[in-house]
Each structure stands twice: as structure tokens, then as C-alpha cells.
Amino acid sequence: MLGNFFKRDKWGKRNIEKLFHFLNEGIVVQDKSGKIVDANEAVVKLIGLKNTQELIKLTSREVIKKFKITNEQGRLISWNQLPGTKAIKGKRVSAVVLRFTNSKTGLNRWVDVNASSVYNSFGKVVYAINIFRDVTDKKQKEQDTLFTNQLLQAQGEATTQGILAVTQNQKVIYVNSRLSQIFDITINHLGGKTVKDLFYVGHILTLDYQKFIVKALIVGKSKTRKAKGTLNIKNGKIVTYYTVPVLGVDKSFLARLWFFEDKTSEFKLERQREAFIGMVTHELRNPLTTVRGYAEVVKNQIDKGQLSKVDSYLSRIIQQTDKVTELVNDLLDLSQIRTGTLKLTKEDFDLDKLINNVVEDYKRITTNKFHKAGSAKKTIYADRSRIRQVIVNLISNAIKYSPAGSHINIAVKQNKDTTSVSVKDVGFGIFEDDKQRIFELYVRGKKNTKNTPGFGIGLFISQIIVKGHGGKLLMESKVGKGSTFTFIIPHNKNQNRKD
Ligand code: ADP
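Residues numbered from 1 in each chain as written. Predicted model: local features only at pLDDT ≥ 70, side-chain atom pairs only at ≥ 80, totals over all residues. Heavy atoms only, no water.

Q: Would you mind showing me how to read the sheet that holds strand β16 (residues 418-425) here?
A: Within a sheet, each strand pairs with its neighbour through backbone hydrogen bonds, oriented either parallel or antiparallel. Across the sheet, five strands lie side by side as β13-β15-β16-β18-β17; this open sheet has mixed pairing. Whereas interior strands pair on both sides, the edge strands pair on one side only; in this sheet they are β13 (369-373) and β17 (472-478). The average angle at which neighbouring strand axes cross in this sheet is 15°, direction not considered. Note that β13 and strand β15 (residues 407-414) share five bridges and pair parallel. Note that in β15 the partner of H371 across the bridge is N409. Strands in contact with helix α12 (residues 351-365) are β13, β15 and β16; relative to β13, the strand with the most contacts, it is inclined by about 170°. Packed on one face of the sheet, helix α13 (residues 384-400) meets β13, β15, β16, β17 and β18 (482-490) and runs near 170° to β18. (Pairing = 2+ DSSP bridges. Helix = DSSP H or I, 4+ residues; strand = E, 2+ residues; numbered from the N terminus. Axes fitted to C-alpha atoms, helices over the stretch in contact; angles between N-to-C directions. Contact = heavy atoms within 4.5 Å.)

Q: Where do I start with the packing of helix α11 (residues 310-339) against helix α15 (residues 458-468) in this structure?
A: Working note: a packed helix pair is described by the angle between its axes plus the distance between those axes. Here α11 crosses α15 at 50°, and the two axes come no closer than 11 Å. When the axes of α11 and α15 are compared, the pair comes out oblique. Here the hand of the crossing between α11 and α15 comes out left-handed. Between α11, through D330, D333, L334 and I337, and α15, the contact on the second element is made entirely by F460, I461 and I464. (Parallel < 35°, antiparallel > 145°, perpendicular 65-115°, else oblique. Left-handed = near helix turned anticlockwise from the far one by under 90°.)

Q: Mind showing me how you'd approach the packing of aromatic side chains here?
A: Two measures describe an aromatic ring pair: the distance that separates the ring centres and the angle between the ring planes. Summed over the entire model, instances satisfying the criterion amount to seven aromatic pairs. Geometrically, the ring pair formed by Y241 and W258 is tilted, given 5.7 Å between the ring centres and 55° between the ring planes. On the criterion of sequence distance, the pair formed by Y241 in strand β10 (residues 238-247) and W258 in strand β11 (residues 253-262) is long-range, its members being 17 residues apart. As far as burial versus exposure is concerned, Y241 and W258 are alike and both buried. Geometrically, the ring pair formed by W258 and F260 is stacked, given 6.3 Å between the ring centres and 10° between the ring planes. Overall, W258 belongs to the buried group, its relative accessible area being 2%. An aromatic cluster is built from F183, Y241, W258 and F260, whose rings are joined through pairwise contacts. (Phe/Tyr/Trp six-rings, centres within 6.5 Å; stacked < 30°, edge-to-face > 60°. Buried < 20%, exposed > 50% of the residue type's maximum accessible area, 1.4 Å probe, protein only.)

Q: Explain the site of the ligand here, please?
A: With respect to spatial proximity, 22 residues lie near the ligand, and among them Y401, R444, G445, N448 and L459 are the closest. The contact in question runs from an oxygen atom of the ligand to an N or O atom on the side chain of Y401, over 2.6 Å. Between the ligand and G456 there is a distance of 3.1 Å, counted from an oxygen atom to a backbone nitrogen or oxygen. Taking 530 Å² as the accessible area of the ligand by itself, protein coverage stands at 98%. Of all the secondary structure elements, the ones that give two or more residues to the shell around the ligand are α13, α15 and β18. (Near = heavy atom within 4 Å. Polar contact = N/O pair within 3.5 Å; in protein donor to acceptor, adjacent residues only side chain to side chain. Areas by Shrake-Rupley, 256 points an atom, 1.4 Å probe, with all protein chains shown as cover.)

Q: Just checking my understanding: could you explain the pattern of salt bridges for this structure?
A: Two side chains that carry opposite charge are able to pair once their charged atoms sit near each other. Counting across every chain of the model gives 17 salt bridges. Of the charged contacts, one joins E360 and K363 as a salt bridge, the two residues approaching to 3.6 Å between their closest N and O atoms. Within this pair, E360 and its partner K363 are both found in helix α12, separated by three residues, close to a single helical turn. On the basis of relative accessibility, which here comes to 39%, the residue E360 falls in the partly exposed class. According to the relative accessible area criterion, K363 is partly exposed, its value standing at 41%. Linked by salt bridges that have partners in common, E72, K139 and E142 make up one network. (Salt bridge = Lys/Arg side-chain N within 4 Å of Asp/Glu carboxyl O.)

In C-alpha cells form, the structure reads like this:
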């Protein structure tokens, strides 16, 4: 109760006392020694005390001991930095925001403090009056907004989408860094830039940019329209966009948000898949037509009792069906890789024998000259038919991408833990810009595949098989000189058992 201070003073009237009693603001009066001589109920409530008696007679130093008081920057306040202490020295202190905490009572309050001095007739400071206002809610809202902003900022930077926020008159108010990456534009500062300014790259707007900007201008003004679409942008990327208006609670237009996603690789993959399906259908139909043709010839010949050429036609039928089977097997492997069901069934086997068999098979159908160096003295523990598949793929590529009759060298090396097999040809070699991607699915060399059939699946599957064994598949190549593909796998049972 603000009794004592006002009774002692000449304006200590009852109505003033009542007024201070009902004020929402907390009031604390200190004498010139810093001791609290009066305080109202509001302040007691504000800083979580039971009654004014708990405050009366406390000095500034004791107040500091009772509460942890920090400023807006979180720094601890000492007794002589308190607004009241300053007011005792004749300084007016206004709107200082302090935080009162007390871990014992759980107090956590933000308070706005104003302090001023009361002088006697000789001009000497006799009291300091502190006025406290609770600003916890306001402060909490500020913190919430700050947090939301930080969160949005972090989200904006973490997302793979480019984000753009634009006002109704096309002023850009927010962009994230992904946006500049997608569009290859440098955004130093927004400073009142419009959408057009932002996308006006190199002084030329490509057709799609123009379409986009026209759309941005039309849609941008609408309070309701949502839109989505695809842009082919100047840097060769394919970008999809989605836009929505953002309205305030009063339904006023705050901004329009644009989200962009770089879909270039998805589109490319989709195009490759389509091309691949086209090729596969073609490759399946051709041998089937041929097989049917040969089968009819064979049937006619049997009908006529002319069996002399039947044997060669049947061999061609077998060759063609092998081709189809190989392709269908590759497709099956791909689907197993996709579904994660490509399993390796490992056993101990003789790698040398396997390589020799494969080479013998090829010798029968090609004019290439095969040389084998080194051998696998120890049996290896791996999936026999999958390792055969890799070797067949590497040898058939060596044949495919080399002149007819050229030399193919196969080298086998074994040390304590690993076995490596390399297949070296003296063929066309692989161009630098193809090298990086030939292990990817559906990717074929752009320059060395003109007259060779293929789907760009073999190396992809081979790499998966080798990796599945805990090994690696390497490539070395020089255009015009030839290529060497080498796979290295651990060969001991305990080493690659987990696969
Ligand atoms: P495909 O041979 O059906 O195209 P692969 O996945 O087996 O598919 O090979 C991918 C690409 O790697 C080939 O298209 C070719 O450009 C390149 N390539 C593979 N092996 C060789 C090789 N021995 N010599 C030159 N280029 C090769």
C-alpha cells in the first residue's frame, strides 16, 4: 500500500492513494539511499510476491539478490544500473525493458520501467519513483514472431524449392537462395525490384520467361487465383511452378508466393525411359518377326522333306531367342534392382574355369582374338551367375566397341583378400564427356554408339552386382586407343558374407 510515502508528503491525499492503489502500473518508491519505502499492489503481483512488505526496506542491492534481472540483450543488470538507482542520481530513465526471473518461484516477466526523481524545495533528490509495466505478452509475441521468421528463413533455405514472394504491384519482397540457383541469377539485394527486374537476365527474356512474367502480372493481381505450370528456361532447365496468394485475416492481399522446382533430371529420365521403351519394343519385335520367318521356312522345308538347311535356320532361331532372353533378363534385373529384390546367391567356385568357358563361347561367334593373363588360384566366394553376367557384359562391350578381329586381353589378379578381372580392348575408346555417365541407367556414349545396338543397361547392372559384392567397377579409356574395365571384389567367405 502506498500509504507511508504519501502521508509523509504534502500531497499525500487519500484519493491519490486510492488512485495509485488501483493503477495497473506497478509503482516503487525509493529513498535517496536506495531503500524501498513504498510499493503498490500491482508491482507485488507483477514480480510475484505475496505482499508489499516483502519489498519495503529492501535496498537496490538486495533487490538484485532476490531476482535475476537482465536486459534485452540477456546481460545481467547490476544494482547501479537499475533505473531507480540512476533516478536517485537525478537521471531520468524511460522505457528500459528488463527481465525479472526467479528460478525458485518460476517468475519470468518482462517489465518496462520508467524512473524519475522527486526533488525537495532545495532542489535535492529525495525519492526515486519507478513505474513498472508488464510487457511479457508483447515480448513473448515479439519472440514468437522472431522465432517464426527464423524458422521460415531456415525452411526457405533448406527446401529444394525456389521461393519468391511478390506484392500485388509486383515488388519482390522475399527470395531464397535456391531461387537464384535454379534461375542462374544473382540477387544481391531486392531493393524494390520487380519480378521483371529480377528475371531480366542478360537483357534477353526467353519466350518462357516472357510467358512467365505475363502470367505473373496477370495472376499476381488476383486475390484468389492459384496457378501451376512448367517453364523451359534459358539455362536449359525445366522448372515447374506453383503460385498462391497470401491473404491477411481481413482478407487483404499480403503477397503472392511462387514456388519453383527444378525438374530437369526427372524430365530427362522420363524422356530416356520413353526412348528406352520405344527401343525395347522395337528390339523385341524384330527378333520375334525374324524367328517367325525362320520357323515358317523350317516348316516349309520339313513339309517338302528338304532338311539340308534346317540346321542353319534353327541356329539362327536359337541366336535370336537368346537375344530376346538376354534383353528380358536385363529388364527383370532392372525391376529387381528397383524393388530391392536382386539377391546374390554365393558359393565357392573356380573363376578361371568360368572365364575360360565364356571366352570359348565368344570365340565361336566372333573373330576377336582373346588373350588371358594371370589366374585365380583360389576359388572365390561370390554369386557365380552374376559374376558371369558382369564378365559377359564387359567382354561383349569390348567386342561391340572395337574393330572386328581386334585383340581383347583378359587379366585376372588375386591377392590375399581380393580378386580382380580386367577386360582390355583396343577399340574406339570413350570420350571424356561420356565418361562420367556411362555407368548410369539408360546412358549410352553419345559419340561411340552410332552403329552399335544397345540400351545403356549393361554397365549399370554390372556396377550394382559388383557393389553388391562389396567391390568396385573401374574404367580407363582413351579415344582411339581402347578401354579397360576392371572389377575388384573381396573373395573370402567371411569378408562378403553380409551380402
Ligand atoms: P550399351 O552397351 O548397351 O550401350 P552399357 O551399359 O553396357 O550399354 O554401356 C554404356 C556405354 O558405355 C555404351 O553405350 C558405350 O558408350 C560405353 N562403353 C561401354 N563399354 C565400352 C567399351 N569397351 N569401349 C567403348 N565404350 C564402351
